[in-house]
Amino acid sequence: MFEIARLYRRFGLRPVELLEELLGTIRRDNLNAYITVDEEGALRDAQEAEQILAQGSDDVLAGIPLAIKDNICTRGIRTTCGSNILADFVPAYDATVVERLRKRGAIIIGKTNLDEFAMGSTTTTSNAGPTKNPFDETRTPGGSSGGSAAAVAADLCAGALGSDTGGSIRQPASFCGITGLKPTYGSVSRFGLVAFASSLDQIGPMAHSARETAVLFDAIKGHDPKDSTSVPGEYAPIDLNALDMHGIRIGVPQEFFAEGLSPDVERAVRFGITAYEELGARIVPIRLPHIRYGVAVYYVIATAEASSNLARYDGVRYGLRADGAKDLTDMYLQTRSQGFGAEVKRRIMLGTYVLSAGYYDAYYKKASQVRTLIARDFSEAFGQCDLIAGPTSPVTSFGLDEMMDDPLSIYLLDIYTIPANLAGLPALSIPCGFAEDGLPIGMQLMAPHFREDRLLGAGMAFQDCTRFHRVKP
Ligand code: GLN
């Protein structure tokens, strides 16, 4: 991103030239990172960027090619959510985040692949087929923002947006060796994000470095009257200088180094923590006693909200409508049976069950109560430390068809990312090493609400003295 900005200004490269080169690379590529490439629209954006640059703009984002996850609405560009039910859905408006990036002169190249409706951790349940990990094409890029992560890692864009409900930005970032931020709930507008679980969903940026991630976060953050959960007030710009780590207290939860953590991941994350210590940070052991319930709580709350959000796909208002139905009820039934894939159906059924009369108190209400306890664990922990560090995922990328018949094992892998969504906290994944077999490993940092500045500044401090984020597939 900074390199491209420099080439435009110092070496006379033009956005249209850069874009044409990039579109050629995307055409030859077979990672299946994009569902839709909007060649014409991108060309128009590039021409506009040329004018902005000709007027002497010093905006780093002018002419920067970006990719958008395909559950974020783009005016005139198909937004499928990786689902048959929205296969032909073309939104009439841009999501607020897209509008903000366009205002800065960015080029929107296209829409990236995801698990259907962002429900998953592998980018294999999309109706557009699986995305491959650029580090090993037989493996998953992670998910659900796997298309965005693969596109960034393989330089098929200079940065991307993803969405994170239980880890969908951070886990694919860690599997693909890039940086990804899940912002504080309420700091980035969700207007135009196709809802999965509204109390957990956040849009966030993905890029090679924390500094580039910060530039994108700066561009999309801030109050939006169109999203009632967006938090009003002034949002200070993020400092692009690394945070001085002297005296910063990094909390390391014992619970994050539990059974099931791969030895490769543990070694790399411990290395990362030691690196912070060498930069002057103080390491404090902390406890988060309730996070062991995180996965269970999440799969009740997320499925409950999903079952309600997905009720709108009824064949009347959006997308697919099944032909040949006998009557209205039959039309609903056939549309939803044909439109949704197996994982989405599983979640709708589970969510409907936990919300149903007689079970609501035992499941949904109980989960909401435990969610509060988890949030409280974090407020207490942040009394003793400024940041929390641990792994992003207990494992590195696995085979594209591994575990596909075992959804529960895949759900369990979300153990380290889910707590930040339940508590609404910002969290960042940064590359911190490689496994024996060469696959990338991510370290997760968490901060108190609205302290993205601290999070990103710490990411920059780490990346200014390491080069894991520069390693290309
Ligand atoms: N892997 C989690 C799930 O399957 C998280 C998905 C997400 O963050 N969108 O629900």
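See the structure shown above.
Residues numbered from 1 in each chain as written. Predicted model: local features only at pLDDT ≥ 70, side-chain atom pairs only at ≥ 80, totals over all residues. Heavy atoms only, no water.

Asks: Could you give me a rundown of unusual backbone geometry, with the residues and numbers involved?
Replies: The general pattern is negative phi for most residues beyond glycine and trans for most peptide bonds. Going from G143 to S144, the amide bond is cis rather than trans, its omega being 10 degrees. Take S144: it is sitting in the loop between β3 (107-112) and α5 (146-153). Phi at C81 takes a positive value of approximately 55 degrees, unusual for a residue other than glycine. Mapped onto the fold, C81 is located in the loop between β2 (65-69) and α4 (96-103). Residue D155 is not a glycine yet carries a positive backbone phi of 60 degrees. Here D155 lies in the loop between α5 and β4 (159-164). According to the relative accessible area criterion, D155 is partly exposed, its value standing at 31%. (Helix = DSSP H or I, 4+ residues; strand = E, 2+ residues; numbered from the N terminus. Buried < 20%, exposed > 50% of the residue type's maximum accessible area, 1.4 Å probe, protein only.)

Asks: How would you summarise the layout of surface pockets if you had to cite specific residues and measurements?
Replies: Empty space within the largest pocket amounts to approximately 610 Å³. Lining the largest pocket are 23 residues, and of these M1, E3, H208, E212 and K472 lie nearest its centre. Broken down by secondary-structure element, the contributors of at least two residues to the lining of the largest pocket are α1 (2-10), α2 (15-28), α7 (210-220) and α15 (452-463). Its residues assigned to classes, the lining of the largest pocket shows ten nonpolar, five polar and eight charged. (1 Å grid on protein atoms, 1.4 Å probe; cavity = no way out; pocket = protein on both sides within 12 Å on 5 of 7 lines; lining within 4 Å. Points joined across faces, edges and corners; volume = space filled by probe spheres on them. Nonpolar A, V, L, I, M, F, W, Y, C, P; charged D, E, K, R; others polar.)

Asks: Break down the sheet that holds strand β11 (residues 440-446) for me, citing the residues and quoting the values.
Replies: Here we have eleven strands laid out as an open sheet, ordered β1-β3-β2-β4-β6-β5-β10-β11-β9-β7-β8, and mixed in their pairing. Since the sheet does not close on itself, it has two edges, and those belong to β1 (34-37) and β8 (282-286), each with one partner. Neighbour-to-neighbour, the strand axes of this sheet turn through a mean angle of 30 degrees, independent of strand direction. Where strand β10 (residues 427-434) lies against β11, seven bridges are found, and the strand directions are antiparallel. Paired with G433 across the strands is I441, a residue of β11. (Pairing = 2+ DSSP bridges. Axes fitted to C-alpha atoms, helices over the stretch in contact; angles between N-to-C directions.)

Asks: Which residues make up the packing of aromatic side chains, and what are the values?
Replies: Scanning the model with the defined rule gives 20 aromatic pairs in all. A ring pair is formed by Y313 and Y318, whose centres lie 5.7 Å apart and whose planes are at 55 degrees; its orientation type is tilted. On the accessibility criterion, Y318 (30% relative accessible area) is partly exposed. R270 extends its terminal NZ or CZ atom over the ring of F257, reaching a point 4.0 Å from the ring centre. (Phe/Tyr/Trp six-rings, centres within 6.5 Å; stacked < 30°, edge-to-face > 60°. Lys NZ or Arg CZ within 6 Å of the ring centre and 35° of its normal.)

Asks: Provide a residue-level description of the pairing of β4, including the pertinent values.
Replies: Counting buried positions along β4 yields six of six residues, so the element is predominantly enclosed. Relative to β4, β2 runs parallel, the two being bridged by three bridges. Its bridge partner lying in β4, L66 is registered against G159. Bridge count for β4 against strand β6 (residues 202-207) is five bridges, and the pairing is antiparallel. Each bridged residue has a counterpart across the sheet, and for L161 the counterpart in β6 is P205.

Asks: Before we move on, can you summarise the state of the cysteines with the specific residues and values?
Replies: Overall, the coordinates contain zero disulfides when judged by the stated rule. Just so you know, C81 is unpaired, no disulfide at all, and the nearest cysteine sulfur is the one on C73, 7.5 Å from it. (Disulfide = S-S within 2.5 Å.)

Asks: How would you summarise the packing of helix α9 (residues 294-309) against helix α12 (residues 361-381) if you had to cite specific residues and measurements?
Replies: Closest axis-to-axis distance for the α9/α12 pair is 9 Å, and the angle between their directions is 125 degrees. The orientation of α9 with respect to α12, classified from their angle, is oblique. Every pair of crossing elements has a handedness; the one defined by α9 and α12 is left-handed. Seen from α9, the contacting residues are G294, V297, V300, I301, A304 and E305; seen from α12, they are Y363, Y364, A367, S368, V370, R371 and I374. (Parallel < 35°, antiparallel > 145°, perpendicular 65-115°, else oblique. Left-handed = near helix turned anticlockwise from the far one by under 90°. Contact = heavy atoms within 4.5 Å.)

Asks: Which residues make up the environment of I250, and what are the values?
Replies: Relative to the helices and strands, I250 is located in strand β7 (residues 249-253). Overall, I250 belongs to the buried group, its relative accessible area being 0%. The sequence separation of I250 and E50 amounts to 200 residues, and the corresponding C-alpha distance is 44 Å. Other than its neighbours up to four places away in sequence, I250 contacts M245, Y276, A281, R282, I283, V284, C385, L387 and A389.

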